[in-house]
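Summary of the model geometry
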Amino acid sequence: MAVVSESGLKKMLKQYKYRDLTVREITNVISQYKDLKPVMDAYVFNDGSSRDLMSLTGTVPVSYRGNVYNIPVCLWLLDTYPYNPPICFVKPTSTMMIKTGKHIDANGKIYLPYLHEWKHPQSDLYGLIQVMIVVFGEEPPVFSRPTTQPPFPSFQAAGPPNSSYMPGMPAVSPYGPNPNPGGYPAYQYPAGNAYPATAGPAHYPTQTPVSTVGPTRDGTIGEDTIRASLISAVSDKLRWRMKEEMDRAQAELDALKRTEEDLKKGHQKLEEMISRLDQEVTDVDRNIDLLKKKDEELTEALEKMENQSENNDIDDVIVPTAPLYKQILNLYAEENAIEDTIFYLGEALRRGVIDLEVFLKHVRLLSRKQFQLRALMQKARKTAGLSDLY
């Protein structure tokens, strides 16, 4: 297969949400591990739906007991990668058999704490392959098929994965019905030709099968084999049902938690509203009490004024606050009195009560007096800081 360029990868990953991050990691991995090739293929999920996903297919070198073996693997990358972990499989050739263990199930799916605790950007493809190499070096995931044993037909995966090979990991799959950025349903292993066999011979550590498992020498299936097969099938079905129940319970629990959070927020808002209403009620009551007191004071003042109105002297009602203001008030009153006197002298002259000589004499004296009063009043107003009256 020709080396895929970075522009070619971007074109293949055009539907990926985080294309640039994914291309960067793939480029880094294939530059370190030349046998891994990027392949775009259809991946089938448990619900029967399929999606075109990128996979890294090939071999990784694993050192086991002083020898280096090329272990065939297939790493599927979701379109939400790197925020969701890859789906990893061991992909045995026709001369190999899967060796199940705590990290590999019968379908070849790989379970690692690194995948379970996947978190971008701390986790990446290069680190995942490094962990695989270390784990496979301690416990090889495949072994050579014995030459005396007739080859079994290709295994076609169906149904949910066997979660019994996931010790220390929760029963709820991180790709279950719980909400996630990709929104994928539970995964189903690709069936039939989803994982094409890797061409070329390879050497793997040999493991001799147990005598009670598989066909006997006369070609018949032993009783122990049938019993083990039945037990395995029942166990897988029970675990599958348990996983479904756990997924459903987890989804209900998440919904209840969200409802609880919403109720807590609503309760807090109601408490704040009640507190504000109590404060407003307190302010209104205080203002009502203040208005009642003012109303009582005005009522008392009105009653007092009504009782004293008959005996009140106009000169006693208006009392200036300072002697200067009192002087200005007296000057203004006297000046207006002279103005009224001159007016009535004119009326008397017109009616013939007084003659012209008497009128002119008194008007001259009153006018001189009025001028002096006005001049004195202007000076007093200026001293008091009041505006000019004339």
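Refer to the structure above for everything that follows.
Residues numbered from 1 in each chain as written. Predicted model: local features only at pLDDT ≥ 70, side-chain atom pairs only at ≥ 80, totals over all residues. Heavy atoms only, no water.

Time to look at the pairing of strand 1 (residues 37–44). Across eight bridges, the pairing between strand 1 and strand 2 (residues 50–64) is antiparallel. Looking at strand 2, one finds that Val39 is bridged to Ser55. Following strand 1, the chain reverses through five residues before pairing antiparallel with strand 2; Gly48 in that reversal takes a positive phi of roughly 90°. (Pairing = 2+ DSSP bridges. Helix = DSSP H or I, 4+ residues; strand = E, 2+ residues; numbered from the N terminus.)

Checked against the element boundaries, Ser123 lands in the loop between helix 3 (113–116) and helix 4 (125–138). Apart from residues no more than four positions distant in its own chain, Ser123 is found in contact with Glu25, Tyr114, Glu117 and Trp118. (Contact = heavy atoms within 4.5 Å.)

The strand order 1-2-3-4 describes an open sheet built from four strands, whose pairing is antiparallel. Of all the strands in the sheet, just strand 1 and strand 4 (87–90) have a single pairing partner and so form its edges. Recorded for the sheet is a direction-independent mean angle of 35° between the axes of neighbouring strands. Lying over the sheet, helix 4 contacts strand 2, strand 3 (67–77) and strand 4, oriented at roughly 45° with respect to strand 2. (Axes fitted to C-alpha atoms, helices over the stretch in contact; angles between N-to-C directions.)

What follows covers the nonpolar core. The tendency in soluble globular proteins is for nonpolar side chains to be buried side by side. Within the largest apolar cluster, 45 residues are counted, with the highest numbers of intra-cluster contacts made by Ile26, Leu125 and Phe136. Elements that contribute at least two residues to this core include exactly helix 2 (19–32), strand 2, strand 3, strand 4 and helix 4. Setting aside residues no more than four positions away along its own chain, Phe136 makes contact with Val62, Ile71, Val73, Val90, Ile104, Ile110 and Pro141. By size, the runner-up hydrophobic cluster in this structure holds seven residues, among which are Ile328, Leu331, Met377 and Ala384. (Core = buried A, V, L, I, M, F, W, Y, C linked by side-chain atoms within 4.5 Å. Buried < 20%, exposed > 50% of the residue type's maximum accessible area, 1.4 Å probe, protein only.)

These figures capture arrangement, not role.
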